Amino acid sequence: MEMQLPPHEGDELSVVDMHTGGEPLRIIHSGYPEVKGDSVLSKRRYVREHLDHLRRVLMFEPRGHYDMYGALVVDSELPEADLGVLFMHNEGYSTMCGHAVIALGRFAVDYKLVKEPQSPETQVNIHCPCGLVKAFVEYSEGKTGGVRFLSVPAFTFATDVTVSLERFGDVTVDISYGGAFYAFVDAKRFGLDVTTSRTRDLVDAATAVTNAVKSQVKLYHPTSDDLAFLYGTILTDGKDDYSSDPTANMCVFAEAQVDRSPTGSGVTARVALQYHRGLIQLNQTRTFQSGATGSQFTGRAIEETKCGDFKAVVVEVSGRAFYTGVSRFVQEPEDKLTHGFLLK
């Protein structure tokens, strides 16, 4: 028997669910009202100011959960872009998301957003709020596979910055940009291990760092004030010297949201930081492992560039994404919880 939608009012919201390295991605396929704006960045401002209730509907319980992540496909003003995208999470809207780009690469080919797929790789140009990101999707005999993407210019903003934490005292952090800004700290500074410590303890330490950096360090991005904010903190295992062995990290972003993957934009920022410190060379590939799930991405700096006055690199990040299902969500007007809620 064909499944029918229950009685409801308003448009249904159709989504495709995927995950990359364990990190969910809910791709909003249809049902959103028109997103106004003459650029992807202005559309990000528009949804934040006018359509944020739909983010809560799809990200929050009872349809989502505290750590849900979403992507809304929009039109891009760039003629070379195959699609534009707005990223969303439990707090609002990010400017870059690598795990989402990896999933969207497969989605764009499988859902015919790219007209003529090519073997062995199909290029998909994804216009993110931080800029145009080029993804390359493995394609053979009608099937998609692994995805690699080339980042926007990634750079180190500052190293060895001391911030004061109420609970932990003075802590030294590095700040790097990979489409979004992150603070980096060795988890051992807090007596923690990113692969074995309790997630709650890691979240508490990372959140304390994020709050301190936000209040004590003024960030700047050369191209847009919309990009000049700290997205989160990445705790690492401290293994930044080049090695063929994996190095682990855990990213806590937005409102204490935990990334299950190694964090694509975080890997980008971490590679830029390692390159800045002279710990890796161009085209040296490193494997980055999620402290949460053990899933892995690879990353390497492939060329030097500039971002304003900052010396920068283009970083290639590779990973795999998988489909988990499709859903059609509705709202009933009598449902007092239909607009979503979160348990912290």
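Scoring rules and cut-offs
- Residues numbered from 1 in each chain as written.
- Predicted model: local features only at pLDDT ≥ 70, side-chain atom pairs only at ≥ 80, totals over all residues.
- Heavy atoms only, no water.
- 1 Å grid on protein atoms, 1.4 Å probe; cavity = no way out; pocket = protein on both sides within 12 Å on 5 of 7 lines; lining within 4 Å.
- Points joined across faces, edges and corners; volume = space filled by probe spheres on them.
- Helix = DSSP H or I, 4+ residues; strand = E, 2+ residues; numbered from the N terminus.
- Nonpolar A, V, L, I, M, F, W, Y, C, P; charged D, E, K, R; others polar.
- Buried < 20%, exposed > 50% of the residue type's maximum accessible area, 1.4 Å probe, protein only.
- Contact = heavy atoms within 4.5 Å.
- Phe/Tyr/Trp six-rings, centres within 6.5 Å; stacked < 30°, edge-to-face > 60°.

Student: I tried to follow empty space enclosed by the protein on my own but got confused; where do I start?
Tutor: Tallied over the entire structure, the rule returns 1 cavity of 30 Å³ or more. Its boundaries defined by the atoms lining it, the largest cavity holds a volume of some 70 Å³. Around the largest cavity, the lining is made up of 14 residues, and of these Cys97, Tyr182, Tyr231, Asp259 and Thr263 lie nearest the centre. For the lining of the largest cavity, the secondary structure elements donating two or more residues are helix H3 (98-110), strand S12 (247-253) and helix H5 (264-276). Of the residues belonging to the lining of the largest cavity, the class tally is 7 nonpolar, 5 polar and 2 charged.

Student: Would you explain the environment of Met59 in this entry?
Tutor: The topology assignment puts Met59 in helix H2 (residues 52-59). Of the residues examined, Met59 reaches a relative accessible area of 0% and is grouped as buried. For the pair Met59 and His89, spaced 30 residues apart in sequence, the C-alpha to C-alpha distance is 6.6 Å. Not counting residues up to four positions away in its chain, the partners in contact with Met59 are Arg26, Gly64, His65, Met68, Tyr69, Gly70, Met88 and His89.

Student: Honestly, the packing of aromatic side chains in this entry has me stumped. Any pointers?
Tutor: Given two aromatic rings, one states the distance between the centres and the angle between the planes to describe the pair. Summed over the entire model, instances satisfying the criterion amount to 14 aromatic pairs. Each ring, one from Phe155 and one from Phe181, has its centre 6.0 Å from the other, and the planes form 80°; the classification is edge-to-face. Residue Phe155 is located in strand S8 (residues 154-165), and its partner Phe181 is located in strand S10 (residues 181-186); the two are separated by 26 residues in the primary sequence. Judged by relative accessible area, which is 1%, Phe155 ranks as buried. Taking the relative accessible area as the measure of exposure, Phe181 reaches 0% and is therefore buried. When the ring of Phe157 is compared with that of Phe310, the centres are 5.9 Å apart and the planes differ by 35°; the resulting orientation is tilted. Highlighted residues: Phe157 in strand S8 and Phe310 in strand S16 (residues 310-319), separated in sequence by 153 residues. Both residues of the pair, Phe157 and Phe310, count as buried. Three or more aromatic residues joined by ring pairs make a cluster, and in this case those are Phe155, Phe157, Tyr177, Phe181, Tyr220 and Phe310.

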